[in-house]
Amino acid sequence: MGSKFKVAGLLALGAVAGALTTMQLQATARNSLASLPLEDIQRLTDVFERIKASLKWVTGNAAVSGRTVAVQGVGAVGLHLVQHLVDGGAKVIVADIDQENVRRVTTRLTGVEAVAADAIYDVPCDVFAPCALGAVVNDDTIKRLKCQIIAGSANNVLADEDRHAEELARRNLLYEI
């Protein structure tokens, strides 16, 4: 991997590590997340803070307000991430292979748009947030992405970690691990 790619990821992760506190997690839990297990609350807080740190790194401004975020997977963590993004003033576009999840988020939150599961890669956005399946950034999807940042809660987002990380770096896309 190129040194710029590694440094960007490390700086963004460092910003996250300094941003999380027990009090923030407790406050988040009280604000409509009481049904989520603590591990999911931690993942939600982590991804939201990583998105903000990545925005700060790429644009100089950590605010999600006025940004477009494409969230892939709106189950437990993804749904609440969308809520945080909407509360922060972001435009949010969602997709999920489970249409019930899509229905739940679009009826619960005003202004959230939905696209077909396979169309999420083609959405022009500031941040692509994969929050469900792994290996979603692969040979077929990487060339379709129209974002500056990839940051989500899904594990193993890159189908081939070395090759796809290099391709993202070549395309000047920040992949936040």
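Our structure's up above, just so we're on the same page.
Residues numbered from 1 in each chain as written. Predicted model: local features only at pLDDT ≥ 70, side-chain atom pairs only at ≥ 80, totals over all residues. Heavy atoms only, no water.

> Can you walk me through the overall build of the chain in this structure?
Assigned secondary structure in the chain consists of six helices and six strands. For the chain, the proportion of its 177 residues judged to be buried stands at 47%. For the chain, contacts bridging at least 24 residues in sequence account for 54% of all contacts bridging at least 6. Here the chain displays about 8500 Å² of accessible surface, and carbon together with sulfur accounts for 53% of that area. (Helix = DSSP H or I, 4+ residues; strand = E, 2+ residues; numbered from the N terminus. Buried < 20%, exposed > 50% of the residue type's maximum accessible area, 1.4 Å probe, protein only. Contact = heavy atoms within 4.5 Å. Areas by Shrake-Rupley, 256 points an atom, 1.4 Å probe, with all protein chains shown as cover.)

> What's the story with the packing of aromatic side chains in this structure? I'm lost.
Aromatic ring pairs are reported here in terms of the distance separating the ring centres and the angle at which the planes meet. Counted under the stated rule, the structure contains one aromatic pair. Between Tyr-121 and Phe-128, the ring centres sit 5.8 Å apart and the planes meet at 50 degrees, which makes this aromatic pair tilted. (Phe/Tyr/Trp six-rings, centres within 6.5 Å; stacked < 30°, edge-to-face > 60°.)

> In this structure, what is going on with the nonpolar core? I would like to understand it.
Across soluble globular proteins, nonpolar side chains show a tendency to be buried alongside one another. If you look at the biggest cluster of nonpolar residues, it comprises 24 residues, and the most contacted ones within it are Ile-51, Val-71, Leu-81, Val-82, Leu-85 and Val-94. Ile-93, Ala-95, Val-157 and Tyr-175 belong to the second-largest nonpolar core, a separate cluster that totals 21 residues. (Core = buried A, V, L, I, M, F, W, Y, C linked by side-chain atoms within 4.5 Å.)

> I tried to follow the sheet that holds strand S5 (residues 149-150) on my own but got confused; where do I start?
Within a sheet, neighbouring strands are paired by backbone hydrogen bonds and run either parallel or antiparallel to one another. One open sheet accounts for six strands, arranged S3-S2-S1-S4-S5-S6; its pairing is parallel. Each end of this open sheet is capped by a strand with a single partner; those strands are strand S3 (113-114) and strand S6 (174-175). Here strand S1 (residues 68-72) pairs with strand S4 (residues 127-130) via four bridges, running parallel. Bridge pairing in S4 places Val-69 opposite Val-127. (Pairing = 2+ DSSP bridges.)

> Just to check I follow, could you spell out the environment of Ala-63 for this structure?
As for its placement among the helices and strands, Ala-63 is situated in the loop between helix H3 (38-59) and S1. The exposure class of Ala-63 is partly exposed, given its relative accessible area of 33%. Sequence separation between Ala-63 and Ala-90 is 27 residues; the distance between their C-alpha atoms is 8.8 Å.

> Sorry, what's going on with the side chain of Asn-101 here?
The topology assignment puts Asn-101 in helix H5 (residues 99-108). Asn-101 gets classed as buried once you look at its relative accessible area, which sits at 13%. Aside from chain neighbours lying at most four places away, what touches Asn-101 is Val-74, Gly-75 and Asp-96.

> Explain the pattern of salt bridges to me, please; I cannot follow it from the model alone.
Should their charged atoms come close, side chains of opposite charge can pair. Scanning all chains against the criterion turns up ten salt bridges. With its nearest N and O atoms 3.5 Å apart, the salt bridge here joins Arg-144 to Asp-118. Within this pair, whereas Arg-144 is found in the loop between S4 and S5, its partner Asp-118 is found in the loop between S3 and S4, the two being separated by 26 residues in sequence. (Salt bridge = Lys/Arg side-chain N within 4 Å of Asp/Glu carboxyl O.)

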